[in-house]
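Below, each chain spelled out in residue letters.
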Amino acid sequence: MEIQWYPGHMAKAKRLLQSQLSKVDLVIELCDARLPLSSRNPALNELVRHKRRILLLCKADLAENGKTQEWLAYFKSRGVEAMAYDATPGKTKQAKAFIASAAQAVVERGERRGMNKTVRAMVIGVPNVGKSTFINRLYGGSVTETGDRPGVTKSNRWVKVTPYLEVLDTPGMLWPKLNDQRAATRLAYIGTIRDAVYNQEELCVSLLEDLMTLRPCLLYYKIKNADAKGYELLEEVCRGRGFLMRGGVLDMDRACSVVLDEFRAGKVGKLTLETAPKEEKSHAPETV
């Protein structure tokens, strides 16, 4: 299964981001804690290389805590300031403190000039990583549109979070060519790529195979044949869940929809699909 997605609004998102960079003091990058590497757009490194940047591993409540800690250590070894985040009041409070710490130098420069500096931060990331939800949590209410599908945010929008902090919600941006099809498939698992651009059955089968490798889900999906592979796994889900149509025909479409929705909602359990590389030496910081 080959996945490619770079519609016109992705190019527009890049132009919008570039036009606003000169106005921001800080860049807040969000990635998915289940895919800390694949859910980071490498093109953003070049775009924001001259800006102070911090990284939030979002949806950490859906990822394995031990692996998240390994990823945080990995990013630290590369000079990236990162924290694990989920949309709870406690974590939102920590995120505000994290942002304040990163912006401290900007605030102090303003104070030396006799000004109470309002920090302007840009929130960036791939589609459906949780940018709008994150901003709503910072704001303490519903100020940006959210959804469990990519492409909800269509334009840049400034939101005043506190008297001295404004954040910019930006459209999610993928890179022009998804050369790593394994990464592209995993991005489709978490809903970063629109369902319409891939074969849903193939994606579901791939996810089930990954789930069986990472954490056998025989009981959860009521799979009786532990040796099932490929489409046999999807058929087992249909039988185990009773997804049958008239005449006992397997309802594969329903099974695919349920499997993907339940994974994205974390109902299968906490899972991290990528393992942090082992670092022997420290690297130069990714940010400036």
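Residues numbered from 1 in each chain as written. Predicted model: local features only at pLDDT ≥ 70, side-chain atom pairs only at ≥ 80, totals over all residues. Heavy atoms only, no water.

K.L.:
How should the overall build of the chain be read in this particular structure?
P.N.:
Of the regular secondary structure elements, the chain holds ten helices and six strands. Within the chain, the fraction of its 288 residues that count as buried is 49%. For the chain, the share of sequence-separated contacts (at least 6 apart) that also reach a separation of at least 24 residues comes to 69%. In the structure as shown, the chain presents an accessible area of about 13900 Å², 49% of it carried by carbon and sulfur atoms. (Helix = DSSP H or I, 4+ residues; strand = E, 2+ residues; numbered from the N terminus. Buried < 20%, exposed > 50% of the residue type's maximum accessible area, 1.4 Å probe, protein only. Contact = heavy atoms within 4.5 Å. Areas by Shrake-Rupley, 256 points an atom, 1.4 Å probe, with all protein chains shown as cover.)

K.L.:
What exactly am I supposed to notice about the side chain of Asp86 here?
P.N.:
Looking at where Asp86 falls in the secondary structure, it is placed in the loop between β3 (82-84) and α4 (89-102). It turns out Asp86 is buried and unbridged, and the closest side chain with the opposite charge, Lys91, is 5.4 Å from it. Polar side-chain contacts of Asp86 include one of 2.7 Å to the side chain of Thr88. Apart from the residues within four sequence positions on either side, Asp86 is in contact with Ala60, Asp61 and Lys91. (Lys, Arg positive; Asp, Glu negative; His and termini not counted. Salt bridge = Lys/Arg side-chain N within 4 Å of Asp/Glu carboxyl O. Polar contact = N/O pair within 3.5 Å; in protein donor to acceptor, adjacent residues only side chain to side chain.)

K.L.:
Just checking my understanding: could you explain the pattern of salt bridges for this structure?
P.N.:
Two side chains that carry opposite charge are able to pair once their charged atoms sit near each other. Taken as a whole and assessed by the stated rule, the structure comprises eleven salt bridges. Among the salt bridges present, the one from Asp32 reaches Arg34, with a minimum N-O distance of 2.9 Å. When its relative accessible area of 1% is taken as the criterion, Asp32 is described as buried. Judged by its relative accessible area of 1%, Arg34 falls in the buried class.

K.L.:
Looking at this structure, I do not really get helix α8 (residues 200-214). What am I missing?
P.N.:
Because the α-helix completes a turn every 3.6 residues, residues three or four places apart line up on one side. In a regular helix each residue adds 1.5 Å, so 15 residues correspond to 21 Å; α8 covers 21 Å between its end C-alpha atoms and thus fits that length. All of the buried residues in α8 are Leu203, Cys204, Val205, Ser206, Leu207, Leu208, Asp210, Leu211 and Met212. Close packing links the buried residues of α8 with α7 (181-189), α9 (231-241) and α10 (252-264). The backbone nitrogen of Glu201 has a side-chain oxygen 3.0 Å away, supplied by the residue at the start of α8, namely Asn199. (Expected span 1.5 Å × (residues − 1).)

K.L.:
What exactly am I supposed to notice about the environment of Val205 here?
P.N.:
In this structure, Val205 sits in helix α8. Judged by its relative accessible area of 7%, Val205 is buried. Val205 has contacts with Gly230, Tyr231 and Leu234, leaving out every residue within four places of it along the chain.

K.L.:
What is the right way to read the pairing of strand β2 (residues 52-58) from this model?
P.N.:
The side chains of a regular strand alternate between the sheet's two faces. Here β2 lies mainly inside the structure; six of its seven residues are buried. As defined by bridge partners, strand β1 (residues 26-32) adjoins β2 across seven bridges and the pair is classed as parallel. Of the residues in β2, the one forming a bridge with Leu26 is Arg52. Running through helix α2 (residues 42-47), the crossover from β1 to the neighbouring parallel element β2 is right-handed. Where β2 lies against β3, three bridges are found, and the strand directions are parallel. (Pairing = 2+ DSSP bridges. Right-handed = clockwise from strand over helix to strand, strands pointing away.)

K.L.:
How do you make sense of the confidence of the model for the chain when you look at a structure like this?
P.N.:
Do not read the fine detail of predicted coordinates wherever pLDDT is low. This prediction gives the chain a mean pLDDT of 84; 86% of its residues lie at or above 70. Counted against residues more than four places away or in other chains, residues 147-154, with its pLDDT under 50, gives 23 contacts. (pLDDT = per-residue confidence, 0-100.)

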